[in-house]
Amino acid sequence: MKIDVGLLINGTEARFEVEPDERLVDTLREKAGMTGTKIGCGMGECGACSVLMNGKLVPSCLVLTASADGAEIVTVEGLAADGRLSDLQQAFVEEGAIQCGYCTPGMLMAGEYLLSRYKRPTTDQIRNGIAGNLCRCTGYAKIVSAIRKTARKRAVKRSGR
Amino acid sequence: MKIVGKRVERIDAEAKATGRMIYPSDRRLDGMLWVEVVRSAHPHARILSIDTRQAEAVDGVVRVLTARDVPGENAFGIQIQDMPVLCFDRVRYEGDAIALIGAENRQAAREAAALVQVEYEVLEPLTDPDEAMRPGAVALHPDGNILHEGHFNKGDIAEGFARSSVIFENTYEVPMMDHAYLETEAGISYYGEDGTLTVESCGQYIYRDQTQIARALGLSLGEVRVTAPYVGGAFGGKDEITVQIYLALMTYHTRRPAKMVATREESIISHTKRHPARMRFKTGASKSGKLMAVEAYIVSDTGAYASLGGPVLNLMMEHAAGPYLVPNVKVDAYAVYTNNGFSGAFRGFGCTQVCVAIESQMDLMARALKRDRLAFRQDNILHQGDMAGLDYEMKLVVGAEDTIRAARKGKLWRKRKSNRKIPSRVSPSVARHRKRGIGVASQMQGLGLGVGIPDYAEVEVELTRDGKAIAKASTNEIGQGAYTAYAQMTAERLGIDLEQVEIIGADTGVTPDSGTTTASRTTYAVGNAILMTVDKLEKRLAERAGEKTGRLRGGVLCCPSRQVPLGELIDGPSITVRATFHIPVQDREMGDGLPHLLYSYGTHVVLVEVDTLTGEISVEAIEAYLDGGRVIFRTGFEGQSEGGIAQGIGYALFEEVLLNEGHFENTNFNTYIIPSSMDVPVKIKTVPVQVKEASGPYGAKGISETCMVGVTPAILNALQDAIGVRFLRIPVRAEDVLDALEVDEK
Amino acid sequence: MRIKVRVFGNLREMAGAAEMEIDLPDGAAVVDAIGASGLEDRVDVWVLVDGSRAGRGELLRDGAEIVFFQPVGGG
């Protein structure tokens with residue numbers, strides 16, 4: 001029994017016919033053709049599937065698409081604009097926060113969510129903000145640096161200096 | 001150096017940051033079948049019958065395959081092909097594959113998998129390697145349950161202990177550990193336009209995968225193509241075959257593309273693990289602080305199938321005496337088959353396990369002798385020209401002492417007295433229950449495959465008329481930064497910008513055989529091969545220019561008398577040359593991969609804090625002093641160290657694959673705990689101790705395993721420093737701390 | 001042509017030796033050297049000729065050095 005669902009993905013409207021038990025991550029990856037969002041565990045523990053849904057960080061492997069009708073979704077594919085990396089993506093690149101890269105999309109979403117809530121996050125707040133995103137390659141150090149660097153840049157921009 | 005040694009941007013960073021990078025699990029093709037594997041419900045059983053009719057009847061199922069559908073050899077395994085592709089008469093671990101489902105969608109495949117009826121005669125699982133070794137134990141394989149054993153004797157061990165004034169004997173237990181890469185085993189397969197059966201997957205040696213697939217399908221090598229350039233983490237867990245043969249089989253039988261992505265549960269159950277081991281170490285040192293004797297008795301649980309259990313045991317033996325000069329060494333080691341999953345390659349490859357033991361023993365002896373723990377190690381450290389534990393010469397430069405000297409100068413060790421104090425910002429009522437300690441560990445790690453098997457890297461470099469270079473190697477970019485390091489070395493050598501270099505990796509149809517992406521070897525092996533190839537290019541171009549010699553610099557051939565633009569020397573768009581570099585080996589062959597010639601070295605210093613009320617352990621700070629020769633990719637080097645630290649913390653404090661009578665108990669991240677951002681220290685310092693290796697490209701070696709191995713014993717040593725408890729078993733959990741403190745109180 | 005042959009690992013049992021010299025007619029290829037060395041031509045018998053991986057059809061020259069081994073290494 002298929003359900004008709006409308007989503008706003010990275011600013012673009014899209015409609016899908018989904019089974020009641022279809023996961024948002026699968027809709028994104030298989031139907032919307034956006035494989036940037038990854039699956040690491042399937043039970044909301046690793047954060048690789050993190051997306052922003054109506055401004056909140058959610059594990060898309062635990063969201064049923066059928067329950068997300070009308071939602072605004074932001075995925076990693078929506079971060080860069082006009083072919084240019086976002087400041088956070090650029091910071092990840094510059095700081096060396098990417099190794100195998102599989103956790104990176106989820107980390108970026110977690111980073112964006114953190115930065116939307118904290119204008120001047122402390123190191124502990126940053127670590128807490130990505131505590132739901134597992135990484136096996138980097139040991140997190142450079143990811144924290146990249147988020148901190150971005151927070152500073154955004155604060156400087158805001159203050160107009 | 002313009003590019004080598006610098007903090008360049010990874011060449012794959014942008015694709016990964018934008019989500020555009022396509023990993024094996026992302027690949028899809030129209031008309032592809034989803035593959036699910038029917039796996040054994042029991043760790044040990046006879047298969048009496050397999051009935052696939054119900055499964056075949058599920059709507060959407062296209063094909064169900066069993067053992068009789070394996071056209072070639074129904075067996076695989078890197079060293080010994082003792083693992084069935086699809087089991088038909090016996091299963092030996094809970095993940096053993098019995099049937100494959102190919103369906104139009106994953107749901108149907110899963111439904112069908114659950115409907116395959118397997119009749120088992122459940123057998124008693126062998127879960128204790130000591131039991132499995134006994135004569136009369138049920139044989140899991142035709143030649144019995146001892147996969148491999150090694151016995152080594154140097155000097156006179158009794159005499160060594162007689163001359164020791166301090167002797168310690170302990171049995172260390174290290175657990176089964178999962179690689180827990182974020183991307184599980186995955187891939188697709190299809191018939192290419194040229195009719196080649198193509199598998200795009202994640203294996204760490206595509207040429208060996210090609211052979212294993214061809215052997216199982218009864219095909220020639222030319223009929224199989226394997227690719228695996230960008231992979232979401234590996235750490236040795238994707239060295240052995242995982243999904244590749246299943247995919248190839250499904251495509252072979254249906255002529256359709258096929259895709260498989262392991263679930264996390266399936267991944268934890270079915271792929272190789274770090275060998276759990278019990279290691280009885282007895283070590284002695286003289287009153288003057290000289291090591292006299294190291295005696296080790298090691299039983300490694302290799303699980304159901306061989307994989308790389310033999311070589312891992314060999315490295316356990318090789319590294320049992322640590323990076324130290326020890327006159328009397330006796331090692332007896334066994335790799336034993338059980339029904340506990342199956343184990344294989346994992347970062348450190350045996351060294352990780354024995355380092356826990358020997359570095360713990362070093363601390364015990366140092367304390368008993370009232371010697372500074374760094375000084376005790378330094379007084380016994382190996383130098384170039386010395387004979388290592390297993391009595392072979394350390395022929396190349398040995399930076400072990402350099403890492404110790406550097407560690408001594410670091411803030412953690414220098415200020416260890418004050419570092420032990422709980423910071424004043426912590427309220428006294430809390431501080432009262434907290435204890436801090438500093439621990440160190442030193443180690444060496446053999447790089448490359450060691451003696452006994454050709455260890456080479458063939459590379460191809462294509463140079464275009466306008467001076468751009470394309471370097472091709474079959475190794476994978478598994479996150480370690482290999483492709484960026486290759487690009488840096490290529491650019492440096494040719495005198496061009498990094499942006500003018502392209503790396504094409506891991507395709508048996510395109511890239512020559514560069515060997516395994518394991519054993520910390522590829523910067524060294526592929527790097528040297530690239531340099532050799534450029535040497536060859538220069539020679540060829542110089543000949544064309546009618547000159548004796550020429551050096552490529554920025555798109556121009558610089559000869560003694562003139563500069564020749566490449567456009568004059570290259571007909572057509574480019575010139576392509578290949579060269580093969582062979583990793584030098586020891587002249588003594590003591591076993592598969594035993595011993596090594598090339599080593600990297602490291603010393604770790606760790607500060608831990610223990611909450612004696614809750615038992616919680618926090619790693620507060622860590623310094624890593626790592627000698628991998630010259631550093632090529634500086635950011636990558638640090639990244640490897642930081643990641644290695646996290647894995648070392650996991651091994652010490654969190655990770656253990658739990659098996660109950662051969663049944664896997666913790667198969668996802670809610671119960672198999674790997675370190676999160678909250679579990680690694682904020683204060684991490686990685687110091688490259690660059691003792692240049694003359695035979696290395698720009699003096700480089702490798703560091704990807706060393707950066708993890710020393711971390712775990714350094715933590716154990718810090719724990720003894722903090723609360724006076726010597727933990728002999730890892731992971732050390734809060735309850736272990738509380739139990740130990742309770743005992744202490746009594 | 002005189003070809004120098006080295007054999008690694010388990011293949012030594014099959015070949016009966018770790019090192020040997022074999023004589024092959026001019027125009028012989030790698031595949032001929034396999035049989036002449038007493039080895040079975042299997043997909044997992046790999047060949048290096050003068051240090052580099054070679055296919056079965058690669059022609060040999062006098063004095064070439066061949067290595068036979070199986071891809072059993074890992075790290």
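Note that the structure is a prediction, hence the values are computed from the model and not measured.

(A) Summary view of the overall build of chain C. Of the regular secondary structure elements, chain C holds 2 helices and 5 strands. Start at the N end of chain C and walk to the C end: the helices and strands fall as β-α-β-α-β-β-β. Here the C-alpha radius of gyration of chain C, 11 Å, is about what a compact globule of 75 residues would show, namely 11 Å. Principal-axis analysis of the C-alpha atoms gives chain C an extent of 40 × 20 × 20 Å. Evaluated residue by residue, chain C yields a buried proportion of 51% over its 75 residues. Taking the contacts inside chain C whose residues are at least 6 apart along the sequence as the reference set, 49% of them involve residues at least 24 apart. Here chain C has roughly 3400 Å² of accessible surface; of this, 47% comes from carbon and sulfur atoms. Here chain C holds 8 positive side-chain charges and 13 negative ones, and the gap between their average locations is 5 Å.

(B) Inspection of the domain arrangement of chain A at higher detail. Residue and element names in this part refer to chain A. Here the domain parsing of chain A yields domain 1 (3-78) and domain 2 (87-156). Listed by partner, the interface residues are 16 residues for domain 1 and 12 residues for domain 2. Buried surface at the junction of domain 1 and domain 2, both sides included, amounts to about 1100 Å², of which 66% is carbon and sulfur. Between the two partners, domain 1 and domain 2, sit 3 residue pairs in polar contact (both at pLDDT 80 or more). The set of elements that each furnish at least two residues to the side of domain 1 that touches domain 2 consists of strand E3 (50-53) and strand E4 (56-59).

(C) Quick peek at the pattern of salt bridges. Taken as a whole, this structure holds 73 salt bridges over all chains when the rule is applied. Two residues, Arg53 of chain C and Asp513 of chain B, come together in a salt bridge whose shortest N-O distance is 2.7 Å. With Arg53 of chain C in strand E4 (residues 52-53) and Asp513 of chain B in the loop between strand E19 (501-505) and helix H17 (522-545), the pair connects residues from two separate chains. Residue Asp513 of chain B is classed as buried on the basis of its relative accessible area of 2%. Here Arg2 of chain C ties to Glu21 of chain C by a salt bridge, and the two come within 2.8 Å at their closest N and O atoms. Of this pair, Arg2 of chain C sits in strand E1 (residues 2-7) while Glu21 of chain C sits in strand E2 (residues 19-23), placing them 19 residues apart in sequence. Residue classification places Glu21 of chain C among the partly exposed positions, given a relative accessible area of 42%. If you follow the salt bridges from partner to partner, you end up with Glu359, Asp363, Arg367, Arg373, Arg377, Arg420, Asp721 and Arg726 of chain B in one network.

(D) Inspection of the sheet that holds strand E17 (residues 456-464) of chain B at higher detail. Residues and elements named next belong to chain B. Pairing is mixed in the open sheet, where 4 strands are placed in the order E19-E18-E17-E23. On the outer flanks of this sheet lie E19 and strand E23 (574-582), each paired with one strand and no other. Averaged over all neighbouring strand pairs, the angle between strand axes comes to 20 degrees, with direction disregarded. Bridge count for E17 against strand E18 (residues 469-473) is 4 bridges, and the pairing is antiparallel. In the strand pairing of E18, Glu462 is matched with Ile470. Of the strands in this sheet, E17, E18 and E19 touch helix H16 (residues 482-494), which is tilted by about 140 degrees from E19. Together, E17, E18 and E23 form the strand contacts of H17, whose direction differs from that of E23 by roughly 135 degrees.

Definitions and cut-offs
- Residues numbered from 1 in each chain as written.
- Chains lettered and ligands numbered in written order.
- Predicted model: local features only at pLDDT ≥ 70, side-chain atom pairs only at ≥ 80, totals over all residues.
- Heavy atoms only, no water.
- Helix = DSSP H or I, 4+ residues; strand = E, 2+ residues; numbered from the N terminus.
- Rg over C-alpha atoms; globule rule 2.2 N^0.38 Å.
- Buried < 20%, exposed > 50% of the residue type's maximum accessible area, 1.4 Å probe, protein only.
- Contact = heavy atoms within 4.5 Å.
- Areas by Shrake-Rupley, 256 points an atom, 1.4 Å probe, with all protein chains shown as cover.
- Lys, Arg positive; Asp, Glu negative; His and termini not counted.
- Charge placed at Lys NZ, Arg CZ, Asp CG, Glu CD.
- Domains from an automatic or database assignment.
- Buried area = accessible area lost by both parts, 1.4 Å probe.
- Polar contact = N/O pair within 3.5 Å; in protein donor to acceptor, adjacent residues only side chain to side chain.
- Salt bridge = Lys/Arg side-chain N within 4 Å of Asp/Glu carboxyl O.
- Pairing = 2+ DSSP bridges.
- Axes fitted to C-alpha atoms, helices over the stretch in contact; angles between N-to-C directions.

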